[in-house]
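So the chains spell out like this:
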Amino acid sequence: MDCSSDGFIKINVDATFHLGKSAAAVVARDHKGDIVAVASTIQRQSKTLAAEASAFLLALNVAQQMQFHNCIIEGDSQTVVKVLNGELHTTPWRILILSEELKSISHSFNSVSFKFVKRRANAVAHNLAKYAAKHNVQAIWIPSQIPRYIVSCLSEAPTAS
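Residues numbered from 1 in each chain as written. Predicted model: local features only at pLDDT ≥ 70, side-chain atom pairs only at ≥ 80, totals over all residues. Heavy atoms only, no water.

S.K.: Run through the pattern of salt bridges, naming residues and quoting values.
M.R.: This model, assessed by the stated rule, comprises two salt bridges. For glutamate 74, the salt bridge goes to lysine 10, with nearest N and O atoms at 3.5 Å. With glutamate 74 in strand E4 (residues 70-75) and lysine 10 in strand E1 (residues 8-18), this residue pair connects regions lying 64 residues apart in the sequence. Under the relative-accessibility criterion, glutamate 74 is labelled buried at 4%. One salt bridge connects aspartate 76 with arginine 119, and the closest N-O pair in it is separated by 3.2 Å. Within this pair, whereas aspartate 76 is found in the loop between E4 and helix H2 (78-84), its partner arginine 119 is found in the loop between strand E5 (111-116) and helix H4 (123-135), the two being separated by 43 residues in sequence. Judged by relative accessible area, which is 16%, aspartate 76 ranks as buried. On the basis of relative accessibility, which here comes to 33%, the residue arginine 119 falls in the partly exposed class. (Salt bridge = Lys/Arg side-chain N within 4 Å of Asp/Glu carboxyl O. Helix = DSSP H or I, 4+ residues; strand = E, 2+ residues; numbered from the N terminus. Buried < 20%, exposed > 50% of the residue type's maximum accessible area, 1.4 Å probe, protein only.)

S.K.: Account for the pairing of strand E2 (residues 21-29), naming residues and giving values.
M.R.: With seven of nine residues buried, E2 is to be regarded as a mostly interior element. Where E1 and E2 come together, nine bridges link them in antiparallel fashion. Counterpart to phenylalanine 17 in the pairing with E2 is serine 22. Here E1 hands over to E2 after two residues, with leucine 19 in that stretch at a positive phi of 50°. Pairing between E2 and strand E3 (residues 35-43): eight bridges, direction antiparallel. Among the inter-strand pairings, alanine 23 is bridged to a residue of E3, identified as isoleucine 42. Adjacent in sequence and paired antiparallel, E2 and E3 are bridged by five residues, among which glycine 33 carries a positive phi angle near 90°. (Pairing = 2+ DSSP bridges.)

S.K.: Describe the sheet that holds E2, listing the residues and the values that go with them.
M.R.: One open sheet accounts for six strands, arranged E5-E4-E1-E2-E3-E6; its pairing is mixed. The outermost strands of the open sheet, each flanked by one partner alone, are E5 and strand E6 (139-141). Sheet twist, expressed as the average angle between the axes of neighbouring strands with direction ignored, equals 15°. With three bridges connecting them, E3 and E6 associate as antiparallel partners. The residue of E6 that forms the bridge with alanine 39 is isoleucine 140. Packing of helix H5 (residues 148-155) onto the sheet brings it into contact with E2, E3 and E6, and relative to E3 it is tilted by some 100°. (Axes fitted to C-alpha atoms, helices over the stretch in contact; angles between N-to-C directions. Contact = heavy atoms within 4.5 Å.)

Rendered as structure tokens:
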């Protein structure tokens, strides 16, 4: 885990599609690797890039709600991460408004960084997003409130898809 000092929260994000609807999911962990928050939402995005950007927005919204001040947000959309880090000269039009909103919200944190990770490193968020899309799950949970069906989803082995 990248967040080796106290006070940093690492949030993995992902989005997926199921039967014409998209879902986003976030899994937040503290510097010890313990889950501190989990969330999923059903979205109205029809394109992968916009769904992935919306997952980053969900992460920032959860971080604000949970009062996390220092965050490392990791996702497997290299394009979204590059846009948020200012590494692309042109933002794809599908995420232009979302990216501006993300950048604006990120200024409310003491520290926030966006990092690209491969799907395998993002498996827990991916599994949760798949479950949320399939079962229409929308919620934010703290560790003591996470339902058993979500706990089992979070503990599943990484998927190849």
